[in-house]
Amino acid sequence: MTYLIFELSGDMAMWRNPFESMGSYSCLGPSPANLAGLLGAAMGMASPRSQGAATDWKALKQLDKNGLPWPVSPELLKWEEDNDYQVACRWQGGFPRRIPWNVNGCKEIGKGENLRLQQQVIDRPLYQVVVRLEASAAAATAGALQRPAFPLYLGASFCPAVVKQIRISDELPSGGNWAQFKKTAWGEVTPLSRHVINANETCERIHSDGYWLYPTPDFPGEIQTDPLIKGYCRLEKKDE
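Residues numbered from 1 in each chain as written. Predicted model: local features only at pLDDT ≥ 70, side-chain atom pairs only at ≥ 80, totals over all residues. Heavy atoms only, no water.

A. Just the side chain of R90, in detail. For R90, the location among the structural elements is in strand β3 (residues 86-91). One buried charge, R90, has no salt-bridge partner; the nearest side chain with opposite charge is E7, at 9.9 Å. Reaching out from R90, the side chain makes a polar contact with the side chain of Q128 at a distance of 2.6 Å. Here the side chain of R90 touches G176 through a polar contact of 2.9 Å, landing on its backbone oxygen. Not counting residues up to four positions away in its chain, the partners in contact with R90 are L126, Y127, Q128, P173, S174, G175, G176, N177, W178, A179 and Y214. (Helix = DSSP H or I, 4+ residues; strand = E, 2+ residues; numbered from the N terminus. Buried < 20%, exposed > 50% of the residue type's maximum accessible area, 1.4 Å probe, protein only. Lys, Arg positive; Asp, Glu negative; His and termini not counted. Salt bridge = Lys/Arg side-chain N within 4 Å of Asp/Glu carboxyl O. Polar contact = N/O pair within 3.5 Å; in protein donor to acceptor, adjacent residues only side chain to side chain. Contact = heavy atoms within 4.5 Å.)

B. Spotlight on the packing of aromatic side chains. All chains considered together, the criterion is met by 6 aromatic pairs. Between W15 and Y127, the aromatic rings sit 6.2 Å apart at their centres with planes inclined by 75°, giving edge-to-face as the arrangement. Taken together, the positions of W15 in the loop between β2 (12-13) and α1 (32-42) and Y127 in strand β8 (residues 126-133) put the pair 112 residues apart, joining distant regions of the chain. The pair formed by W15 and Y127 is uniform in burial state, with each residue classed as buried. Between the aromatic rings of W79 and Y85, the centroid separation amounts to 5.9 Å while the plane-to-plane angle is 50°, which identifies the pairing as tilted. Overall, the relative accessible area of 10% leaves W79 in the buried class. Y85 gets classed as buried once you look at its relative accessible area, which sits at 0%. Three or more aromatic residues link up through ring pairs in this structure, and these residues are W15, W91, Y127, W212 and Y214. (Phe/Tyr/Trp six-rings, centres within 6.5 Å; stacked < 30°, edge-to-face > 60°.)

C. Representation of the sheet that holds strand β12 (residues 206-213) in the model. Read across the open sheet, the 4 strands follow the order β10-β12-β11-β14; overall the sheet is mixed. At either end of the open sheet lies a strand with only one pairing partner, and these are β10 (180-182) and β14 (232-233). Packing of α1 onto the sheet brings it into contact with β11 (189-196) and β12, and relative to β11 it is tilted by some 55°. Sheet strands touched by helix α3 (residues 74-82): β11 and β14. Its angle to β11, the strand with the most contacts, is close to 100°. (Pairing = 2+ DSSP bridges. Axes fitted to C-alpha atoms, helices over the stretch in contact; angles between N-to-C directions.)

D. Quick look at the pattern of salt bridges. Applying the stated criterion across every chain yields a total of 9 salt bridges. Measuring nitrogen to oxygen at the nearest pair gives 2.9 Å for the salt bridge that ties R124 to D11. Residue R124 is found in the loop between β7 (120-123) and β8, and its partner D11 is found in the loop between β1 (2-9) and β2; the two are separated by 113 residues along the sequence. Between E81 and R234 there is a salt bridge, with the nearest N and O atoms lying 3.0 Å from each other. Of this pair, E81 sits in helix α3 while R234 is found in the segment after β14, placing the two residues 153 residues apart along the sequence. Judged by relative accessible area, which is 36%, E81 ranks as partly exposed.

E. The nonpolar core, seen in detail. Ranked by internal contacts, the top residues of the largest apolar core, which has 49 residues, are F6, L8, Y85, V131 and W212. Where this core is concerned, the elements lending two or more residues are β1, β2, α1, α3, β3, β7, β8 and α4 (135-146). A total of 6 residues in this core trace back to one element, the largest contributor, which is α1. Beyond its immediate stretch of four places on either side in the chain, L8 contacts L35, L38, P125, L126, Y127, V129, L154, A161, V162 and V163. By size, the runner-up hydrophobic cluster in this structure holds 6 residues, among which are Y3, I5, W178 and L228. (Core = buried A, V, L, I, M, F, W, Y, C linked by side-chain atoms within 4.5 Å.)

F. Here's a closer look at the packing of α1 against α3. Packing of α1 against α3 brings their axes to within 10 Å, and their N-to-C directions diverge by 115°. Between α1 and α3, the angle is such that the two are roughly perpendicular. As for the relative orientation of α1 and α3, their crossing is right-handed in sense. In contact with A36, G37, L39 and G40 of α1, α3 contributes L76, W79 and E80. In terms of residue class, the contact of α1 with α3 is made up of 4 nonpolar, 2 polar and 1 charged. (Parallel < 35°, antiparallel > 145°, perpendicular 65-115°, else oblique. Left-handed = near helix turned anticlockwise from the far one by under 90°. Nonpolar A, V, L, I, M, F, W, Y, C, P; charged D, E, K, R; others polar.)

Here you go:
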């Protein structure tokens, strides 16, 4: 196995918390699902409902009936499983700072009313990301990050992503402070959201079963021998 390593940054980031109804307060860093989505966009793996997809509308209609109005790209789910997608991420932006980024939103679909969304985004985010892959897959993914098929974002489409320092190594980068899985946590936590690779059976697109704790200068992290975690999951099929 080899490690694909890259730096992820931008002017601001908006990593929405799925447990917050308005999704207005950004988590400090991305979840494994967020990072998988970014890799999928770079490789041209479009969601069936996106503009870049060659959609099988009959199959999509069945997904709608199953309760998956916005499914994840089947290509991306297959890539995650075939490559046993393992990922680590750490915050490298110093002391975190959030700034207001307020926009008009839709209060109710079908009505002309607007709702002012009081958002708090991450200012000047900087992360280091590591993905463990076979050498050929690492090389192909690195090439995609250098020439992404679709625009890359830090969570929201108003937050363009910058990917730099792309390299492949046989060793993990030195240093600690990697995001760490916790069942319960406080501080700068991100829900551990992962793609469900059998979503068509379970009717659940993303599953969160804990937290990813991002260490900061105020709260340094624990030393981890292996900070990578599995970035996808397979759930038990729901009883009919």
